[in-house]
Structure formats: structure tokens, C-alpha cells
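Here's the letter readout for the chains.
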Amino acid sequence: MELERLLLRVKNPAWYSGGELNSITKDKNRVKTRFAFCFPDLYDVAMSHLGIKILYDILNRRDDVWCERVFAPAPDMEGLMREKNIPLFGLESRDPIKDFDFIGFTLQYELSYTNVLNMLDLAGLPVLAAERTDDMPVVIAGGPCTVNPEPMADFIDLFNIGEGEETLLQLVDLWQECGGNKREFLEKADRLESCYVPAIHDRKVKVRRRIVKDLDRAPYPEKLIVPNAKAIHDRISMEIMRGCIRGCRFCQAGMIYRPFRQKSPERMMENIQKLCQSTGYEEISLTSLSSSDYEQLPRFADLLLDYCTPRKINLALPSLRIDNFSEELLKKLRAVRSSGLTFAPEAGTQRLRDAINKNITEEDIFESCRIAFQGGNTAVKLYFMIGLPTETDEDILGIADLAQRIVDYYYQLKTKKNGKGVSVTISLSTFVPKPFTPFQWEPQIGLDEIHRRQQLLKNAITSKKIRLNYHEGKTSVLEGIFSRGDRRLGKLLLTAWKKGCILDAWDEHFRYDLWMEAMTECSIKAEDYAGRRYAYDEELPWDVVDCGVSKAFLIRESKLAYENKTSPNCKEKCLGCGVKSICGGDVCDPNCL
Amino acid sequence: MIRIAFEKSSTAIYMSHLDLMRCMTRALTRAEIPAKYTEGFNPHLYLVFAAPLALGITGEREYFEIKLTEDMAPEQIRQRLNATLPRGLKILDVFEAENDFNEIESADYRVFIEGKTAEDWNRFFSAPTIPTEKKTKRGMETVDLKAEIISCRAEDTENGVVLSLHLPCGNRKNLSPLLVVKTFAPNEETYYTAARCAFFDQKGKRF
Ligand code: SF4
């Protein structure tokens, strides 16, 4: 086959060859519906993503559906595909996806948008939905970015908002009912609660985010594809809960995955045993927004350790929170494998931490460090953000000050190991205002200001024990434009992509100069989107979507931020965020509602 | 020491040596083979390969070795592993090792190069020396391909040439067939396939 002739000429042929363990091959003549599940980024990133594995499994459980994976090719492969006229294909069958029924994209971050256009083009399809004919596949999109579907509305036929476990199968059913008539399908689908067909949708009708009420009853894969070439996260991901009880005011995930739902330890152990047997993976990572809020963590940890220790399986707990993580648990985890500790104070002063509702005190931070240091760790990584609303230079200097005091604290502790120095790493990101957060109306600081604040912090750090990592800032500006963008940005995306912008999330491929050119040509300014303060009473591009959290709640929280006042978390007191409008009100603890 | 002979073909040829080690480790786990772990702080399965096979080359009969913590019949090991390997990897047989991988001195390769003829090869190979750049631990070095190739034979096929190459293989001296291809047909668009067919010790005895 033509493809074989090219694979030895590219750097990562295993990204395009297929044939991985647990990938699913079916007889194409015996399935009714073919689905191309596209993750618009490179294989090693895409194969690290949990959502695609869940949906791949759900679709393929049906005998009449064949779901295949499709990822963005790296530039070397793309070049050869274009040169040899090889259209984008499904990894399982190697058939061109332009002949499939569905092409579904998951939109996980704004910087993958140009890849969607590029993949449609590589498939041999017009990128604009309006230019695709009725005999071409239905192009759908889901994932967190679709809570604001507008910037991608020109390219996507149908957005499916919220958790796809149930709705995706409904869409397949509807498609089969319509006998593959695309127009009829789109008209009917647009009337489904969670679906948005931008070409025909009446904006007065809200699209409601769908959720799965009971995670224990939601299907979870028993097998995972084990990549032949290493993925970035090459391990079992176990989703322990969805949603978050914390209401950090900058955090979109904390708002758009509400309400808080937990999986039972029993169900998870059942999943884990099957997954370990079917993959042979040597590491399990527990995924959630804040693992330590999992109520049965001590018991679950015991069950896990009992299973993992004799089998030499490592445990990774990436989102353990600073204020309540248990010393006990860490000790147990260390029995399996020790890794460096990471905390996310997000802001350098208590005043700003209160304003963003990051309920962490300085005592919490030092207590966590004590536990870490006394447990033998000497490396601590701290996550901070610059550009948060109400931030002043004092808050930025506070980051350096806090890091310095952690270094000093290490040397005060009697536990200091001989000859071993401490290392504190500050990982700095830039605040991006996101839809459906209390900060959705806030302006983002401009590029010059990002640079000034980064420099300010850099100069304030004097100790060699403190390392500062940060990104240049240009990609944050682009994220800021698209996260709160409207439909006019379709033109910008198209222009930028035509100029050659792809793989924007990769430093080596990101072309800010081309983006600037495209913005000038489209008369679109960063200041009109990222840099603008949106008004409370203005109609927002994403008002067509009902994510659950009400605007009244977001405004209340936004005002509290300016008073530097925190709000209790959902376990302490229900704030009436409004999510019961989509979940029915019986998912959160009934006492608090 | 249990020696396992396997085939690496189809889509599995795009696995690097590291990928293959990871893959076999996980397969042993899935198949619940009582394989022994190394001691130490970060224990991993004891797993030794005869010789790394570069990405892109088919292996017709490759080997690796494991140690067992309890007895298991070779046939059972073979069947269990074959039930859980990705496309392109197949266990051929399992047996007690009688010699040491260190004794491997050379290997046979079969290389197909599209658009070339036996005459092209013979002309290329008739030069008194064939200098080429080889990556070694010390960096790039110029070597004489002609002196390194133990023996070779070229045969025309319909759309290219098939070379049967006998090349040094092992820790002491090693020559990749891909270097031969690159030197003979430097155009990067050239289509080729390569397979390692057999290993030999210094006496020429097949492994
Ligand atoms: S309804 Fe109350 S408890 Fe539930 S997510 Fe909203 S604020 Fe939290």
C-alpha cells in the first residue's frame, strides 16, 4: 500500500501505522455507521487523553458502529500525504475518513483549533460547513471548549455539549433513523437538548450541557489501546470523580463539570483490575480536579495499594490539594514510588488567594512543605498565575517572597538531610478569562504587561535554589482571544490556517507573526477580545449555552472577588450555583441544596 | 534462562527497540508469566534481547531471554504470550538457552531496494573502498563499508534488487543494513524493505 512506502521516511511511523494492542478492527461491510474520532493534535498527546478512550469504547461496544481514531499528522507526514495525495485516514482501517458517516472532533484547548481545519482539509473536505455537501460526513464537535462553540461555528455542523457518554449513541441512533440523510439528521439533532447546529439554531433556545448522573453506572472501558510508541501519559487513567467542590474563580473546569460526582471504590477496583489485566501497564494515575476531595480516599488508597504493591504498579496522584492532603496517604504512596511534590497556590499573597477563592492559607502551604520535607522530599514545585484580576505588583513580589520563605523554612527544619539542598520550582502561567467562570468578564493583560510582570518576578528571585519556569506569553494571548470569541473569529481562523498556522500548542510550530498578519487582514484586535472587559449586562457569545451555573451566581462571585472575600466550598455550604437546572437537583448532597 | 524466539513484522516493525522492550514487558505481565524482576530500588522485569533491531527492519527470528520464578511449560508460555501480543509480534518457540547472546558475531539480512539492479550493486561494490559516515559512541566516523560487509549477493527481481547481506552483528562490531541502503541508494525517496533472518556465532553456527 502507498502508506507503507512513506512510513519509513517519517520520524514517528508508529503514529500512523495502527495495529496497537486492543485497537478495534471490524468488517466494514457489516457495520452500519462509521465514526472517525479525531483528536486534533499529535498521536502522543492524543493517546494520553482519557475522554477519547471512553468514547471509543462506548461506540465500539455496538456491533453496528465502528469507531476509529484519527490524529493530526506531524508536519513531515503531512508533507508526504499532501505530496502523494493520501487523504486523512482512520488508523484502524486506513480508509479515508471522507467516506465515513461521522467525523467527530474533541476540542480540548483553543490552540488546537487550526488543527481541526487542517485535518478536514487533509481529509479532502471543505473546511467550511457551508461548503460541504449533503453526501459528506457530518462533522461534530464536543469537549470542554464547546461551551463556547461560536469561534468554531463556521467549521462544525453540530456541537454536542457536555458529557458524551449517552448523547453520542443517541446521535448515532438518530443518524440511522434518518437513513443517513444529513439535512434531516441535522434538523432533528438541533432539537435535542444538548445539540447545537449553528447553521440553523434559534439562539433564543438554550442548548443545555448534558451530564451523566451516576458515574458508577456510566460505562468505563475494560481495555485500553496500548500504543506501540510511547504516549506522553502512557498509563491507566482512572477517573475517580467529576466536578469539583471548590469554586476557584478563574477555573473553568471547576464550573463546567459541576456537579460533584464520585465513583465508588468498589467500581473503580473492578475497572482497575480489568484494565491492568488487559494492558499490562505499570502505572495508574487517578484523574480528577482535586483528588483529595474524594471522600473515601483513605479506604480507596488502601484497596489500591493492596492491589498495586505486589504487582509493582506505581500510583500517580496528580491533583492532590495542598490544604488537606493527608500525611498518612503520602507515606503509603511513597511505599510504592516517591515522586516530587507539586502544589498550586496560584497567587503569592493571601489577599489575592482570597480574591480568586483559592482557599489555601499560608499555614496550609508551610504545613504541606513540612510534610514533604520531613518525608524526605527536597524538591517542591509550585504553580502560580500572573495577570489574575485585581493583581498588583505586590502580589507578584509575593510569589518570590513565598518561594524564598519556603527555602528558608527547609533550612530551619531539623530534618534537612546532610548535603542535600532544597529546590523550589515556580511554574508560572498567565491568566486567561474563560466562559462560565466568575472571571468571564475580566480583561486579560496584554503581551507587554505579561512580559513586564514576568520580568518583575524574575528580578525578585535571588536564591539559586529557586527556579522559575514560564511561557513567553503569546500563546496565552491567542487563548484569551478564542476562549471568549464570537463567530467573527471563524474568518481569523481560516486566514491564519491558510497562512500556515497549525500545531499552535507546540513552541516549535507556533507562528505568532502569521497570527498577527492574519489579525491585521481580518481587522481583528486582541484588545477587542482578550483585552476587553465584557459588561455584566452584555449578550455574551456563549449565552446560547446553558452550562448549569447561572449568570446571577457568576456575578455574585465576581463581585465578591473585588471585596477579597472567599466563598465556602460545596461541602460546607451550597451557593446555589444553578447547576440543579441541568442535573435535576438530586446529584449534589441533598442537605446542601 | 528461558529463551524466546519471536517474529517482528507488519506494523510492529515501526516499534523502536525501546518500544519493543516496553511492549514485551507488558505482554509478560498480561500473560501472567512468572518472570523474575531485577533487584534494587526500581525493579523491572529481567529481560535481555539478543541484539537491538532498528526501527523499520523486520525480524524473522529474534530472541529475548527471561528468568522464571517458578516453572512454566514452554508451550504454555508461547501460547499465553501469543494471545496478548499486538499485530506483527509472534512468539515462534520457547526453550532453555544453551549459549550466550554474547557469542553472536554476525547476522544475515535480506534487503529489497526498489528501482535498483544487481548490476547497480555490483558496480557499487566493485570500488576498492566504499567510505561512509557511521554513527558511533564517539560521534560520526568514516568507515569502509566494503571492509565491514562480510559477504553479499545481489539478485534482480521485478522492480528492484534483493541483497543478501552477511554483516557483523553484536557488541564488538556491528553494521546496520540501513547504512548499506543509505550509502548505496542515498535518495531518501527510495523505497526499501529489510529483514534480519538469522544470527551466527564466530564459528558460523546458527543461533
Ligand atoms: S448546587 Fe450547590 S452544592 Fe451543587 S455544585 Fe452548585 S453550589 Fe455546589
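Novice: So what's going on with the sheet that holds strand β11 (residues 283-287) of chain A? Which residues, and what values?
Specialist: Residue and element names in this part refer to chain A. Taking strand neighbours across the sheet as the criterion, the three strands line up as β8-β11-β12 in an open arrangement whose pairing is parallel. Edge positions in the open sheet fall to β8 (236-239) and β12 (314-316), since each of these has one partner strand only. Pairwise comparison of adjacent strand axes, ignoring direction, gives a mean angle of 25° for this sheet. The sheet contact formed by β8 and β11 spans four bridges and is parallel. Bridge pairing links Ile-236 to Ile-284 in β11. Helix-sheet contacts for helix α10 (residues 265-279) involve β8 and β11, and the interaxial angle to β8 is about 170°.

Novice: Let's hear about the domain arrangement of chain A: which residues, and what values?
Specialist: Residue and element names in this part refer to chain A. The domain architecture assigned to chain A consists of domain 1 (2-208) and domain 2 (236-488 + 524-529). Computed from C-alpha atoms alone, the centre-to-centre distance between domain 1 and domain 2 is 32 Å. Listed as interface residues are 18 residues of domain 1 and, on the opposing side, 22 residues of domain 2. Between domain 1 and domain 2 the total buried area reaches about 1600 Å² when both faces are included, carbon and sulfur atoms providing 51% of it. At the boundary of domain 1 and domain 2, one finds five salt bridges. The salt bridge partner of Arg-242 is Glu-163, with a shortest N-O separation of 3.0 Å. Summed over the shared surface of domain 1 and domain 2, the result is nine residue pairs in polar contact (both at pLDDT 80 or more). Taken together, the residues of the side of domain 1 that touches domain 2 sort by class into 11 nonpolar, two polar and five charged.

Novice: Describe the side chain of Glu62(B), naming the residues involved and giving the relevant values.
Specialist: Residues and elements named next belong to chain B. Looking at the secondary structure, you find Glu-62 in strand β3 (residues 57-66). In this structure the side chain of Glu-62 is engaged in a polar contact, spanning 2.8 Å, whose partner is the side chain of Arg-196. Contacts of Glu-62, omitting those with residues within four sequence positions, involve Ile-4, Ala-5, Phe-6, Ala-51, Leu-53, Arg-196 and Phe-199.

Novice: Tell me about helix α1 (residues 17-30) of chain B, and please be specific about residues and values.
Specialist: Counted at 1.5 Å a residue, the expected span for α1(B) with its 14 residues is 20 Å, and the 20 Å between its end C-alpha atoms agrees. Turning to α1(B), its buried residues number three or more, namely Asp19(B), Leu20(B), Arg22(B), Cys23(B), Met24(B), Arg26(B), Ala27(B), Leu28(B) and Arg30(B). Where α1(B) is buried, its residues contact α10 of chain A together with β1 (2-8), β2 (48-49), β3, α2 (74-82) and β4 (89-96) of chain B. One or two positions beyond α1(B), positive phi appears at Glu32(B), with a value near 55°.

Novice: Would you mind going over α10(A) in detail, with residue names and values included?
Specialist: With 15 residues, α10(A) should cover 21 Å at 1.5 Å per step; its first-to-last C-alpha distance of 20 Å lies within 8% of that length. Every buried residue belonging to α10(A) is among Pro265(A), Arg267(A), Met268(A), Met269(A), Asn271(A), Ile272(A), Leu275(A), Cys276(A), Ser278(A) and Thr279(A), and all of these are buried. Buried-residue contacts for α10(A) involve β8, β11 and α11 (297-311) of chain A together with α1 of chain B. Downstream of α10(A) by a residue or two, Gly280(A) has a phi angle that is positive, lying close to 75°.

Scoring rules and cut-offs
- Residues numbered from 1 in each chain as written.
- Chains lettered and ligands numbered in written order.
- Predicted model: local features only at pLDDT ≥ 70, side-chain atom pairs only at ≥ 80, totals over all residues.
- Heavy atoms only, no water.
- Pairing = 2+ DSSP bridges.
- Helix = DSSP H or I, 4+ residues; strand = E, 2+ residues; numbered from the N terminus.
- Axes fitted to C-alpha atoms, helices over the stretch in contact; angles between N-to-C directions.
- Contact = heavy atoms within 4.5 Å.
- Domains from an automatic or database assignment.
- Buried area = accessible area lost by both parts, 1.4 Å probe.
- Salt bridge = Lys/Arg side-chain N within 4 Å of Asp/Glu carboxyl O.
- Polar contact = N/O pair within 3.5 Å; in protein donor to acceptor, adjacent residues only side chain to side chain.
- Nonpolar A, V, L, I, M, F, W, Y, C, P; charged D, E, K, R; others polar.
- Expected span 1.5 Å × (residues − 1).
- Buried < 20%, exposed > 50% of the residue type's maximum accessible area, 1.4 Å probe, protein only.

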